[in-house]
Amino acid sequence: MKCRTVLLVGGMVAGMTVTGSAGETVDIRINGHYFTAPATVQLVIAVEPNAANRTLRIEADGDQMYRSTEVTLEGQSEKRLHSVEFKNLPAGTYEVRAEVLSTSDVRGMALQDFQVMGR
């Protein structure tokens, strides 16, 4: 039991590692690390408002499934938090990427992993 707890906590810490750039332009928040298939995973993406922000791209890239969505951003006047939901994800390991794009480049990116377990 002690070993399982350590592995679970270690996995959660590793899965919650977020990288960012451009002054922490974007951050991913997932309530959980392990889900049961078919999973509905709710994400909250925090984007630092900036006049150059034009698009928020969110991707869930898994072993056997890829999903993505894009949100148009209104620059400095855009809200900070964006909710996204990916439904019916099959079992597998997923990497979530959130990218904030300007008209010419990627302004910031964050990564986070999660797992969907089979029944």
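Going along each chain's sequence as written, the residues are numbered from 1 onward. Since the coordinates come from a predicted model, pLDDT governs what is reported: local features require at least 70, and pairs of side-chain atoms require 80 or more to be given and counted, while whole-chain, interface and lining totals use all residues. Hydrogen atoms and water are omitted, and side-chain values are computed over all heavy atoms in the structure.

**Remarks on the sheet that holds strand β1 (residues 26-30)**
- Two strands pair if DSSP finds at least two bridges between them. Here a strand is any run of E in DSSP of at least two residues, a helix any run of H or I of at least four, and the numbering for each starts at the N terminus. The sheet built from 3 strands is open, its strands ordered β1-β3-β6 with antiparallel pairing. Strands at the two margins of the open sheet, each flanked by one partner only, are β1 and β6 (81-89). If you compare each strand with its neighbour and ignore which way they point, the axes differ by 25° on average.
- With 5 bridges joining them, β1 and strand β3 (residues 39-47) adopt antiparallel strand pairing. Following the sheet pairing, Val26 is matched in β3 by Val47. Lines fitted to C-alpha atoms define the axes, with helix axes restricted to the stretch in contact, and inter-axis angles between N-to-C directions lie between 0 and 180 degrees.

**Comments concerning the packing of aromatic side chains**
- The pairing test for Phe, Tyr and Trp rings, Trp by its six-membered ring, is centres within 6.5 Å, and the orientation test on the planes gives stacked under 30 degrees, edge-to-face over 60, and tilted for anything in between. In this structure the tally under the stated criterion is 2 aromatic pairs.
- Judged by centre distance (5.7 Å) and plane angle (85°), the rings of Phe35 and Phe114 are edge-to-face. Placement of the pair is Phe35 in strand β2 (residues 34-36) and Phe114 in strand β8 (residues 106-117), with a sequence separation of 79 residues.
- Summary of the burial criterion: residues with accessible area below 20% of their type's maximum are buried, those above 50% are exposed, and those between are partly exposed, where the area comes from a 1.4 Å probe applied to protein chains only. Its relative accessible area of 0% is what places Phe114 among the buried residues.
- Members of the aromatic cluster, joined through ring pairs, are Phe35, Tyr94 and Phe114.

**Here's the deal with the pairing of β8**
- The sheet contact formed by β2 and β8 spans 3 bridges and is parallel. By the bridge assignment, Thr36 is partnered in β8 with Met117.
- Of the pairings in the sheet, the one linking strand β7 (residues 92-101) to β8 comprises 10 bridges and is antiparallel in character. Each bridged residue has a counterpart across the sheet, and for Gly92 the counterpart in β8 is Val116.
- Connecting β7 to the next strand, β8, in antiparallel fashion are 4 residues.

**A closer look at the side chain of Arg97**
- Structurally, the position occupied by Arg97 is in strand β7.
- We define a polar contact as two N or O atoms separated by no more than 3.5 Å, with the added condition that, inside protein, one atom must be a possible hydrogen donor and the other a possible acceptor, whereas residues neighbouring each other in sequence contribute only through side-chain atom pairs. Within the structure, Arg97 has its side chain in polar contact with the side chain of Glu95 (distance 2.7 Å).
- Excluding residues within four positions of it along the chain, Arg97 makes contact with Ile28, Arg57, Ile58, Glu59, Asp61, Tyr66, Met109, Ala110 and Leu111. Contacts: residue pairs with any heavy atoms within 4.5 Å of one another.

**Re the sheet that holds β7**
- What the 5 strands build is an open sheet, ordered β2-β8-β7-β4-β5; its pairing is mixed. Bordering the open sheet on either side are β2 and β5 (66-72), each of which pairs with just one other strand. For this sheet, the mean angle separating the axes of adjacent strands, direction not counted, is 25°.

**Some words on the environment of Asp105**
- Looking at the secondary structure, you find Asp105 in the loop between β7 and β8.
- C-alpha of Asp105 to C-alpha of Asn53: the two residues are 52 residues apart in sequence and 9.9 Å apart in space.
- Reaching out from Asp105, the side chain makes a polar contact with the side chain of Ser102 at a distance of 2.6 Å.

**What about the environment of Leu56?**
- Tracing the chain through its elements places Leu56 in strand β4 (residues 55-62).
- Taking C-alpha positions, Leu56 is 9.2 Å from Val26, a pair spaced 30 residues apart along the chain.
- For Leu56, the contacting residues outside a window of four places in its chain are Val26, Ile45, Val47, Thr69, Glu70, Val71, Leu73, His82, Ala98, Glu99 and Val100.

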